[in-house]
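Breakdown of the fold
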Amino acid sequence: MSHVVKLPTVEDTREFGRRLAGLLQPGDLVLLTGPLGAGKTALTQGIGAGLGVLGAVTSPTFVIARVHRPDPAQGGRVALVHADAYRLGTAVDPRAEIDDLDLDASVDESVTVVEWGEGLVEQLVDAHLRVRLDRHDDDTRIVELEPVGGDWARRIAVVPGA
């Protein structure tokens, strides 16, 4: 069972990410899908803020993955691994490229958020959260949270605004 949320602004998208971070724990994998400009990075910025991580969360398109360590001064409790598989779509073997990132080495102790990772990273964990984002002409975002296995259905049922 999925949950759909309408978010009027980019800042609302970030705030929703902050709320979503409240239910995330080490070992979680969140897959973000949606067209360019839908708000995947904005949502991840909110998740980073909610997790209390160090450094600005920016799109990792050209570096492919960034690790943001928790900031104890901000109440940080878990690292955020933010990856973007967009450029890997043109690779001869995108799964090999994902393997080279060694995401499985940190997945157990971090929250891992992967943009454009559908079909490439699901095997890292037994269960994950798929988040589909879409942006309308008026800049409104529609976010659909889709639980895939584990206890995700129960967890997302308590997300405020979902």
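Residues numbered from 1 in each chain as written. Predicted model: local features only at pLDDT ≥ 70, side-chain atom pairs only at ≥ 80, totals over all residues. Heavy atoms only, no water.

**Brief notes about the pairing of strand β6 (residues 128-135)**
Rules: Any two strands are treated as partners once DSSP identifies two or more bridges connecting them. Helix numbers and strand numbers start at the N terminus; a helix is a DSSP run of H or I with at least 4 residues, a strand a run of E with at least 2.
Sheet topology note: the strand β2 (residues 29-33)/β6 ladder contains four bridges and is parallel. The partner of Thr33 across the bridge, within β6, is Arg132. Remark: five residues form the turn of the hairpin made by β6 and strand β7 (residues 141-148), two consecutive strands paired antiparallel; Asp139 in that turn has positive phi of roughly 75 degrees.

**Overview of the nonpolar core**
For soluble globular proteins, nonpolar side chains are generally found buried alongside one another. Under the convention used in this document: Nonpolar core, defined: a set of buried Ala, Val, Leu, Ile, Met, Phe, Trp, Tyr and Cys residues in which side-chain atoms within 4.5 Å join the residues together. Burial classes follow relative accessibility: with a 1.4 Å probe on protein chains only, a residue under 20% of its type's maximum area counts as buried, one over 50% as exposed, and anything between as partly exposed.
By size, the foremost hydrophobic cluster in this structure holds 28 residues, and its most contacted members are Phe16, Ile47, Leu51, Leu80 and Val131. In terms of nonpolar packing, the next biggest core, distinct from the first, is built from six residues, Leu29, Leu31, Ala83 and Val114 among them.

**Here we look at the packing of aromatic side chains**
What counts is decided by this rule: Working definition: a ring pair exists when centres of Phe, Tyr or Trp rings (six-membered ring for Trp) sit within 6.5 Å. Plane angles under 30 degrees give stacked, over 60 give edge-to-face, the rest tilted. Distance and angle both matter: a charge sits over a ring if NZ of Lys or CZ of Arg is within 6 Å of the ring centre and within 35 degrees of the ring normal.
Per the stated rule, a full pass over the model turns up zero aromatic pairs. Here the guanidinium or amino end of Arg155 rests over the ring plane of Trp152, the centre of that ring lying 4.0 Å away.

**Quick look at helix α1 (residues 10-21)**
Given 3.6 residues per helical turn, the α-helix brings residues three or four places apart onto the same face. Cut-off, in case you're wondering: A helix is expected to reach a length of 1.5 Å times the quantity of its residues less one. Each direction from the helix axis to a C-beta atom contributes to the arc, which is the arc of those directions. Should any heavy atoms of two residues lie within 4.5 Å, those residues are counted as being in contact.
With 12 residues, α1 extends 17 Å from end C-alpha to end C-alpha; this agrees with the ideal 16 Å at 1.5 Å per step. Those residues of α1 that sit buried are Thr13, Phe16, Gly17, Leu20 and Ala21. In an axial view of α1, the angular spread of the buried residues amounts to 145 degrees, which keeps them on one side of the axis. Buried residues along α1 sit in contact with β1 (3-7), α2 (40-51), β6 and β7.

**Some thoughts on the packing of α1 against α2**
Between two packed helices, both the angle of their axes relative to each other and the distance between the axes serve to describe the pair. What counts is decided by this rule: Throughout, an axis means a line fitted to C-alpha atoms (over the contacting stretch in the case of helices), and angles, computed between N-to-C directions, take values from 0 to 180 degrees. An angle below 35 degrees is read as roughly parallel, one above 145 as roughly antiparallel, one from 65 to 115 as roughly perpendicular, and any other as oblique. Crossings are classed by handedness, with left-handed meaning an anticlockwise turn of the near helix from the far one by less than a right angle and right-handed meaning a clockwise turn. Note on residue classes: Ala, Val, Leu, Ile, Met, Phe, Trp, Tyr, Cys and Pro are nonpolar, Asp, Glu, Lys and Arg are charged, and everything else, Gly too, is polar.
Remark: α1 packs on α2, axes separated minimally by 6 Å, with the N-to-C direction vectors making an angle of 45 degrees. In this view, α1 runs oblique relative to α2, as classed from their interaxial angle. Handedness of the crossing formed by α1 with α2: right-handed. Here α1 contributes Val10, Thr13, Arg14, Phe16, Gly17, Arg18, Leu20 and Ala21 to the contact with α2, which in turn contributes Ala42, Leu43, Gln45, Gly46, Ile47, Ala49, Gly50 and Leu51. Considered class by class, the residues forming the contact of α1 with α2 number nine nonpolar, five polar and two charged.

**Digging into the side chain of Thr33**
Considering the arrangement of structural elements, one finds Thr33 in strand β2. What makes Thr33 buried here is its relative accessible area of 11%. Once residues lying within four places of it in the same chain are set aside, the contact partners of Thr33 are Lys40, Glu118, Val131, Arg132 and Leu133.

**Focus on the confidence of the model for the protein chain**
Caution is warranted with low-pLDDT regions, since their predicted coordinates should not be read in detail. Put simply, the rule is: The score called pLDDT rates the predictor's confidence residue by residue, from a low of 0 to a high of 100.
The pLDDT averaged across the protein chain works out to 83; a share of 77% of its residues lies at or above 70. The secondary structure element of the protein chain with the lowest average pLDDT is helix α3 (residues 94-101), at 50, and the one with the highest is α2, at 96.

**A word on the sheet that holds β1**
Taken in spatial order, the seven strands make up an open sheet running β1-β7-β6-β2-β5-β4-β3, and their pairing is mixed. Both outer strands of the open sheet, β1 and β3 (65-68), are each paired with one neighbouring strand and no more. Recorded for the sheet is a direction-independent mean angle of 20 degrees between the axes of neighbouring strands. One ladder, built from six bridges, connects strand β4 (residues 79-84) with strand β5 (residues 110-115); its direction is parallel.

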